[in-house]
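The primary structure of each chain is shown beneath.
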Amino acid sequence: MSDYAIEADGLRRSYRSRTGWLRPQTTVVDAVRGVTFAVGRGELFGLLGPNGAGKTTTIKMLNTLLIPTAGTARVLGHDVVRETREVRKRIGYVFGGDRGLYERLSALDNLRYFAELYGVPAREQKARIGELLELVGLTGREGERVEGYSRGMRQRLHIARGLLHRPEVLFLDEPSIGVDPVAARDLRKTVADLAAGGTTVLLTTHYMAEADELCDRIAVIAGGELRALGTPTELKRHADGRRVVEVEAYGVAPGTVELLQALPGVRGVQIEESGAAQLLTVQSESDVDVQSDVLAALNGVRLGRVSARQPTLEDAYVAIVSGDGGPARESLVAA
Ligand SMILES: Nc1ncnc2c1ncn2[C@@H]1O[C@H](COP(=O)(O)OP(=O)(O)OP(=O)(O)O)[C@@H](O)[C@H]1O
Ligand SMILES: [Mg+2]
C-alpha cells in the first residue's frame, strides 16, 4: 500500500471557453501546468497561491470532479480517473461559501439527508451525526433551519457534512472564508483535531497566519505551477535576508505599485485596503535601504505610520509568487 495519502504527478488541466459572438474564438486557459507533490498519511497540507493560481482546479482533479488533461493522481493508492468509486468512498470535500446546504431544512435534517446520500448505515447515522455536531460545536443548534445560520455556523455544518462517511482524506477549499476571527479560531482547532486524529487534510486558504499555524507542509502554486514546497519554517527562508517596509498611505494613485516595484533593490510590493488607508508592504534586498526611495516615490501622498519589520510567512509567500504570479498564460486558438 502506498505510503502517501495523495500523490499528484505532472497534473495538468486546461479549460476551453468560447468568447465573442460575431467572430467566436476558443480561448484555452492552462489552469494547472504540470504539478507534482505528495501528501503523507495524516499530514495537514496547505495549498497556497494567488487568485486563479489553480488551487481549486488541482483539488477538483484530486477529488475526481475534474478529469486531468494530462498527468496522474492517486488518493490512498487509487487512481483518480480509473478508480473514482474507490477514491470517492474515502474522501470528503468542503468548499467555502454558502452553497450546498438545504436552507429550508434544519441542520439535523441536512445531515440526515447527506448521511443517507453518502451511504452511512441507518443504525450508525444517529450516533455519527451527534458526534459530528459535537465536533463542530453545533450541538443544541441542530434543530434550527439553516437559513437562520450565520456564515461561520454554515461553514462548520459544511465540515460536519464532509465528515459524515468518515473520510480518510479531507479536502478543504477556503474553509475559513468569511468567518469571523473567533469562529475561525474554532474552525482551525477542529481542523487540527481532525489531523491529529489521523485524517489527512489538504487545505487552501488566503490567510497566511492560518496556514502557518496549521500546516505541516505547504505548497505554493502560481500561474498553474508549483513554486515552493516545504514546512512553514522552510518557506520563511525564502524571505531570509529581506527587509520589509510598511507604509500606511491615504489615496495611493493607480500605478503606484508598479512604480515602487521598479525601484532598485525592490523585490515585491503588496497593497491592501485598511479602512480609509492603504497599507503598502515593500520587500527589498537586505543590503538595500529602500525606505527613502519609497517615501520619495510617494511624494504628495498623505502618509501614516511607516515601519520596518522582520519577514513573516506572508512575506515569504509574496517573495515566492511576486513578479510572475499572475493568472495562467492564455493562448488563443481558432474556433
Ligand atoms: N470552469 C472554468 N472555465 C474556464 N476557466 C476556468 C474555469 N475554472 C477555472 N478557470 C480558470 O482556471 C484558472 C485557475 O482557476 P482556479 O479556480 O483553479 O484558481 P484558484 O487558485 O482556486 O483561485 P482562487 O484563489 O481565486 O480560488 C483561472 O485562470 C480561472 O479563470
Ligand atoms: Mg479557488
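What is the right way to read the overall build of the chain from this model?
For the chain, the count of helices and strands is eleven helices and 15 strands. For 335 residues, the compact-globule formula gives about 20 Å, and the C-alpha radius of gyration of the chain, at 22 Å, lands near that figure. Relative to its 335 residues, the chain shows a buried fraction of 47%. Summed over all atoms, the accessible surface of the chain reaches about 16300 Å², with 49% contributed by carbon and sulfur. Averaging the positions of the 42 positive and the 44 negative side-chain charges in the chain gives two centres separated by 6 Å.

Sorry if this is basic, but what is going on with the layout of surface pockets here?
Taking a probe equal in size to a water molecule and rolling it over the atoms shows the remaining empty space. Approximately 370 Å³ is the volume attributed to the second largest pocket. Arg88, Ile91, Tyr93, Tyr118 and His165 are, among the 13 residues lining the second largest pocket, the residues nearest its centre. Elements with a contribution of two residues or more to the lining of the second largest pocket: α2 (84-90), β6 (91-95) and α5 (151-163). When residues in the lining of the second largest pocket are grouped by element, the largest group, four residues, is from β6. Looking at side-chain class alone, the lining of the second largest pocket contains five nonpolar, five polar and three charged residues.

Got a minute to help me understand the pattern of salt bridges in this structure?
Pairing between side chains of opposite charge can happen when their charged atoms approach one another. By the definition in use, this model includes 18 salt bridges. Shared partners join several salt bridges into a network, and the residues in it are Glu86, Lys89 and Arg90.

Explanation requested: the side chain of Glu174 in the structure shown.
With respect to the secondary-structure elements, Glu174 resides in the loop between β7 (169-173) and α6 (181-196). Of the buried charged residues, Glu174 lacks a salt bridge, with Lys55 as the closest side chain of opposite charge at 5.4 Å. Setting aside residues up to four positions removed in sequence, Glu174 forms contacts with Gly96, Gln155, Thr204 and His206.

Hey, could you run me through the site of ligand 1 in this one?
Surrounding ligand 1, one finds 13 residues, the nearest of these being Gly52, Lys55, Thr56, Thr57 and His206. His206 has a polar side-chain atom sitting 2.8 Å from an oxygen atom of ligand 1. Burial of ligand 1 by the surrounding chains reaches 65%, relative to a free accessible area of 640 Å². Only β2 (25-40) and α1 (55-62) provide two or more residues apiece to the shell around ligand 1. Residue contributions to the shell around ligand 1 peak at three residues, all from α1. For the shell around ligand 1, a count of residues per class yields five nonpolar, six polar and two charged.

Just to check I follow, could you spell out the sheet that holds β6 for this structure?
Hydrogen bonds between backbone groups are what pair the strands of a sheet, and the pairing can be parallel or antiparallel. Ordered by their spatial adjacency, six strands build an open sheet running β6-β7-β8-β3-β9-β10, and the pairing between neighbours is mixed. Either end of the sheet is taken by a strand with one partner, and the two such strands are β6 and β10 (225-230). Going from strand to strand, the sheet's axes swing by 15° on average, the running direction of each strand aside. Two strands pair when backbone bridges link them, and strand β3 (residues 44-48) and strand β9 (residues 217-222) are joined in this way by four bridges, in the parallel orientation.

Explanation requested: the environment of Ser17 in the structure shown.
Considering the arrangement of structural elements, one finds Ser17 in strand β1 (residues 4-19). Overall, the relative accessible area of 34% leaves Ser17 in the partly exposed class. Taking the C-alpha atoms as reference points, Ser17 and Arg217, separated by 200 residues in sequence, lie 34 Å from one another. Setting aside residues up to four positions removed in sequence, Ser17 forms contacts with Gln25, Thr26 and Thr27.

Whenever I open this one, the pairing of β10 confuses me. Can you help?
Side-chain direction in a regular strand flips from residue to residue, so the side chains alternate between the two faces of the sheet. By the bridge criterion, five bridges tie β9 to β10 in an arrangement that is antiparallel. Along β10, the bridge assignment pairs Val220 with Ala228. Linking β9 back to β10 in an antiparallel pair, the connection comprises two residues, with Gly223 at a positive phi of about 55°.

Help me understand the nonpolar core, please; the structure alone is not making it clear to me.
Taken as a class, soluble globular proteins show a tendency for nonpolar side chains to be buried jointly. Grouped together as the largest cluster of nonpolar side chains are 44 residues, with contacts concentrated most on Leu157, Leu164, Leu172, Ile218 and Val220. Look past the residues within four positions of Ile218 in its chain and what remains in contact with it is Gly46, Leu48, Ala211, Ala228, Leu229, Gly230, Pro232, Leu235 and Leu313. With 28 residues, the next largest nonpolar core counts Ala53, Val80, Val87 and Leu202 among its residues.

Parameters at a glance
Residues numbered from 1 in each chain as written. Chains lettered and ligands numbered in written order. Predicted model: local features only at pLDDT ≥ 70, side-chain atom pairs only at ≥ 80, totals over all residues. Heavy atoms only, no water. Helix = DSSP H or I, 4+ residues; strand = E, 2+ residues; numbered from the N terminus. Rg over C-alpha atoms; globule rule 2.2 N^0.38 Å. Buried < 20%, exposed > 50% of the residue type's maximum accessible area, 1.4 Å probe, protein only. Areas by Shrake-Rupley, 256 points an atom, 1.4 Å probe, with all protein chains shown as cover. Lys, Arg positive; Asp, Glu negative; His and termini not counted. Charge placed at Lys NZ, Arg CZ, Asp CG, Glu CD. 1 Å grid on protein atoms, 1.4 Å probe; cavity = no way out; pocket = protein on both sides within 12 Å on 5 of 7 lines; lining within 4 Å. Points joined across faces, edges and corners; volume = space filled by probe spheres on them. Nonpolar A, V, L, I, M, F, W, Y, C, P; charged D, E, K, R; others polar. Salt bridge = Lys/Arg side-chain N within 4 Å of Asp/Glu carboxyl O. Contact = heavy atoms within 4.5 Å. Near = heavy atom within 4 Å. Polar contact = N/O pair within 3.5 Å; in protein donor to acceptor, adjacent residues only side chain to side chain. Pairing = 2+ DSSP bridges. Axes fitted to C-alpha atoms, helices over the stretch in contact; angles between N-to-C directions. Core = buried A, V, L, I, M, F, W, Y, C linked by side-chain atoms within 4.5 Å.

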